[in-house]
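Here is how the chains run, residue by residue.
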Amino acid sequence: MILADKVIEERKKNGWTQEDLAQKLGVSRQSVSKWESDLFGVSTDYLLKDEVEKENTETICDTDCELHRVTMEEANAYMNEKKKAAPMLANATTLCILSPISLFLVSTFNNGLAIGIACTILLGMVALAVFIFIKTEIKLSPLQYLEQEPFETEYGVTGLVKEKNQSYQQHYSFSLACGVVLCILSVIPLVIAGCMEASDYICTLCLAVLLILVSVGVNILIRVSTIKSSYDTLLQEGDFTKKEKLVKKKVETFTGVYWCLVTAVYLGWSLWTKQWDVTYIVWPVAAVLYAAMYGIVKMIMKVD
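Everything numeric here is computed off the predicted structure, so don't read it as measured data.

(A) How the structure looks around unusual backbone geometry. Despite not being glycine, Gln 236 has its phi angle at roughly 55°, a positive value. Among the structural elements, Gln 236 can be located in the loop between helix H12 (200–235) and helix H13 (242–273). On the basis of relative accessibility, which here comes to 15%, the residue Gln 236 falls in the buried class.

(B) Focus on the nonpolar core. Within the largest apolar cluster, 17 residues are counted, with the highest numbers of intra-cluster contacts made by Val 70, Leu 146, Val 161, Tyr 168, Tyr 231 and Leu 234. Counting only elements with at least two residues in this core, the list comes to helix H6 (72–98), helix H10 (157–185) and H12. A total of five residues in this core trace back to one element, the largest contributor, which is H12. Every residue in contact with Val 161, bar those within four places of it in the chain, is listed here: Met 79, Tyr 231, Leu 234 and Leu 235. Counting eight residues, the second-largest nonpolar core is a separate cluster that includes Phe 104, Leu 210, Leu 211 and Val 214.

(C) Up close: the pattern of salt bridges. Enumeration over the complete set of coordinates arrives at three salt bridges. Arg 69 serves as the salt-bridge partner of Glu 152, at 2.7 Å between the closest nitrogen and oxygen. Placement of the pair is Glu 152 in strand E2 (residues 151–153) and Arg 69 in strand E1 (residues 68–70), with a sequence separation of 83 residues. With a shortest N-O distance of 3.2 Å, Lys 82 and Glu 147 are connected by a salt bridge. Placement of the pair is Lys 82 in helix H6 and Glu 147 in helix H9 (residues 145–148), with a sequence separation of 65 residues. Each member of the pair Lys 82 and Glu 147 is classed as buried.

(D) A look at the packing of aromatic side chains. On inspection of all chains with the given rule, the structure shows two aromatic pairs. Pairing Tyr 168 with Tyr 231 gives two aromatic rings, centres 5.8 Å apart and planes at 75°, and the pair type is edge-to-face. One end of the pair, Tyr 168, is in helix H10; the other, Tyr 231, is in helix H12, with 63 residues separating them in the sequence. With relative accessibility at 11%, the residue Tyr 168 sits in the buried group. The rings of Tyr 168, Tyr 172 and Tyr 231 are connected pair by pair, giving a single aromatic cluster.

Calculation criteria
Residues numbered from 1 in each chain as written. Predicted model: local features only at pLDDT ≥ 70, side-chain atom pairs only at ≥ 80, totals over all residues. Heavy atoms only, no water. Helix = DSSP H or I, 4+ residues; strand = E, 2+ residues; numbered from the N terminus. Buried < 20%, exposed > 50% of the residue type's maximum accessible area, 1.4 Å probe, protein only. Core = buried A, V, L, I, M, F, W, Y, C linked by side-chain atoms within 4.5 Å. Contact = heavy atoms within 4.5 Å. Salt bridge = Lys/Arg side-chain N within 4 Å of Asp/Glu carboxyl O. Phe/Tyr/Trp six-rings, centres within 6.5 Å; stacked < 30°, edge-to-face > 60°.

Structure, rendered in structure tokens:
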């Protein structure tokens, strides 16, 4: 095995890009690239496909050969688009959480017209939220490959993203704590109302307050998590490592099937019982179960 092979193999084993290796050695990325290809007058692909190490190099090429190289412009565009998308996604989720409040408030009056108007408001808010989700997804779709496929970055990109990630960390940690605390505190009004044996209407008001506090907390969490995920994606850390991306691809089918079944159960139960204010409980329960089942499926996929 010649020097170029050894450099490439050891770099890949450690999960380093040419830029990472260059930083560790105190040289430029171009120097590393020259060691791997130009110095020997052949391409990196040729060296990787050497018959002597055929089995090992085929494995490496499956995940690392011909990777897209993310430029500084692409990285900045991705981070900017995610920053713009953060409030849109957060507000759309807030609309979904707040949508049943009007229905809860009028359900105690047994007024058909009021319930009909409340249902219309609920569906309108959900429809608006779905519109925002789809519009945001379409806008981000040209850059989605960064979240789905392994890639390498050009010189300077990793350093820039690391700097932005570090400067954002304090705000992220504080906002994360605030969002979680709000979600925990949201149940206090309902607990107090239950202990005082308050009327149904007061309990309904407390439920509305609960949803408002949860919506604010979740809004904060989604805003900061969306921005943080853009840094993790470009650094290929956390849920966006090369290994995690491969696992995520495998569980996409599970996600689609799961939420289709949940929607079918919700609609079937609601149309059968006509108790839309009760059947809404399907969604928070499904969300909790999804988190648990998603974790189990990921573990199984990693073992395989």
